[in-house]
Amino acid sequence: MTIYVQYGMVIALAIALLIAATTDIRSRRISNRLNAAIALAAPIFWWSSGLSLWPDVAIQLGVALAAFALLCGLFAMGWMGGGDLKLLTALALWIEPTSFAQLLIIMALAGGALTVLMAFWHIARRQKERLAIPYGVAIAIGGLWVLYPHLMAGPGFA
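To start, this report covers the structure provided alongside it. (Residues numbered from 1 in each chain as written. Predicted model: local features only at pLDDT ≥ 70, side-chain atom pairs only at ≥ 80, totals over all residues. Heavy atoms only, no water.)

Thoughts on the environment of Leu 117
- With respect to the helices and strands, the residue Leu 117 is situated in helix α5 (residues 97-124).
- Separated by 16 residues in sequence, Leu 117 and Ile 133 have C-alpha atoms that sit 9.8 Å apart. (Helix = DSSP H or I, 4+ residues; strand = E, 2+ residues; numbered from the N terminus.)

With respect to the nonpolar core
- Counting 44 residues, the largest nonpolar core has Ile 38, Leu 87, Leu 88, Leu 91, Trp 94 and Phe 100 as its most contacted members.
- Secondary-structure elements contributing two or more residues to this core are α1 (2-27), α2 (32-49), α3 (53-76), α4 (82-92), α5 and α6 (135-153).
- Ignoring sequence-local partners within four residues, the contact set of Ile 38 consists of Leu 13, Ala 16, Leu 87, Ala 90 and Trp 94. (Core = buried A, V, L, I, M, F, W, Y, C linked by side-chain atoms within 4.5 Å. Buried < 20%, exposed > 50% of the residue type's maximum accessible area, 1.4 Å probe, protein only. Contact = heavy atoms within 4.5 Å.)

Focus on the side chain of Asp 24
- With respect to the helices and strands, Asp 24 occurs in helix α1.
- Arg 28 is the oppositely charged side chain nearest to the buried, salt-bridge-free Asp 24, at an N-O distance of 5.8 Å.
- At a separation of 3.2 Å, a polar atom in the side chain of Asp 24 contacts the main-chain amide nitrogen of Tyr 135.
- For Asp 24, the contacting residues outside a window of four places in its chain are Arg 29, Ile 30, Asp 84, Pro 134, Tyr 135, Gly 136 and Val 137. (Lys, Arg positive; Asp, Glu negative; His and termini not counted. Salt bridge = Lys/Arg side-chain N within 4 Å of Asp/Glu carboxyl O. Polar contact = N/O pair within 3.5 Å; in protein donor to acceptor, adjacent residues only side chain to side chain.)

Structural notes on the packing of aromatic side chains
- Tallying each qualifying case throughout the model produces one aromatic pair.
- Taking the centre distance of 4.9 Å and the plane angle of 25 degrees together, the rings of Phe 45 and Trp 94 count as stacked. A residue pair is termed long-range when its members are at least 10 positions apart, and Phe 45 in helix α2 and Trp 94 in the loop between α4 and α5 qualify at 49 residues. Here the two residues Phe 45 and Trp 94 agree in accessibility, since each one is buried. (Phe/Tyr/Trp six-rings, centres within 6.5 Å; stacked < 30°, edge-to-face > 60°.)

Rendered as structure tokens:
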């Protein structure tokens, strides 16, 4: 039974990432409710995955805390939006540390490509206002990249 809960949670996370990307494209905002839902659902995922409180859950919480601290610095410098910071921190609760590092690399590559595309679009339309990158799209790409093997494996991937 927990295998199906785990798979359902991974599907729910994938859907949440798609919603975050879509809303970020439309309004350049990622909902606090969505970020909270992702973070608050992590314990259900931990339980269904069979993670132990020590050290598994402690490691997840530590990675999330470290990500939050680092990303707060980027937010303070104006390099990252608050919704992006919260989304990445919530994802750190779900994704094991080595996969989270992979997520960050894929996110950075997708973010760079997205920035180039948005800059070309911005210049082509001769827009004068500041270029705003919907970085939630890059975060979603990184998250879906990491989740893809689990989604394709179906229930019982753990």
